[in-house]
Amino acid sequence: MRPILKPVRSPFSPDSIERILSRYYQQLAQWSRILARGDHTAAEETVQDLCLHLTVAHPDLSRVQNLDNYLFMCLRNMYRSEERRVGK
């Protein structure tokens, strides 16, 4: 049986996502520390979760007009999701 849906591939190769993360890692860490109110452990975990998500999910970044804003919003959503999960 043939699959009905074909997997969608991002126009960004894993290598380019890796370069984007490398370029933005320090900025992500800084934003994350602000969101975590100085909790370095929580901040680092959130950045690592975001990096893992972007590496595995291969989102289509070709439509993103403001990469800074996109990455911040992803980071903020991951942080808030984790806060809700642990009941903070």
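Residues numbered from 1 in each chain as written. Predicted model: local features only at pLDDT ≥ 70, side-chain atom pairs only at ≥ 80, totals over all residues. Heavy atoms only, no water.

Student: Sorry if this is basic, but what is going on with the packing of helix 2 (residues 40-57) against helix 3 (residues 67-86) here?
Tutor: A pair of packed helices is characterised by two quantities: the angle between their axes and the separation of those axes. Helix 3 packs onto helix 2 with a crossing angle of 115° between their chain directions and a minimal axis gap of 9 Å. Viewed along their axes, helix 2 and helix 3 form a crossing whose handedness is right-handed. For the pair formed by helix 2 and helix 3, the contact residues are Thr 46, Val 47, Asp 49, Leu 50, His 53 and Leu 54 on the first element and Tyr 70, Leu 71, Cys 74, Leu 75, Met 78 and Tyr 79 on the second. Looking at the contact of helix 2 with helix 3 residue by residue, the classes come out as nine nonpolar, two polar and one charged. (Axes fitted to C-alpha atoms, helices over the stretch in contact; angles between N-to-C directions. Helix = DSSP H or I, 4+ residues; strand = E, 2+ residues; numbered from the N terminus. Left-handed = near helix turned anticlockwise from the far one by under 90°. Contact = heavy atoms within 4.5 Å. Nonpolar A, V, L, I, M, F, W, Y, C, P; charged D, E, K, R; others polar.)

Student: Would you mind going over helix 2 with me for this structure?
Tutor: Note: α-helices contain 3.6 residues per turn, so residues at a spacing of three or four share the same orientation. Spanning 18 residues, helix 2 covers 25 Å between terminal C-alpha atoms, matching the ideal 26 Å at 1.5 Å per step. Every buried residue belonging to helix 2 is among Ala 42, Ala 43, Thr 46, Val 47, Leu 50, Cys 51 and Leu 54, and all of these are buried. Between the side-chain oxygen at the start of helix 2 and the backbone nitrogen of Thr 41 there is a gap of 3.2 Å, and the oxygen is on Asp 39. Of the residues flanking the end of helix 2, it is His 58, one or two places downstream, whose phi is positive at about 45°. (Expected span 1.5 Å × (residues − 1). Buried < 20%, exposed > 50% of the residue type's maximum accessible area, 1.4 Å probe, protein only. Polar contact = N/O pair within 3.5 Å; in protein donor to acceptor, adjacent residues only side chain to side chain.)

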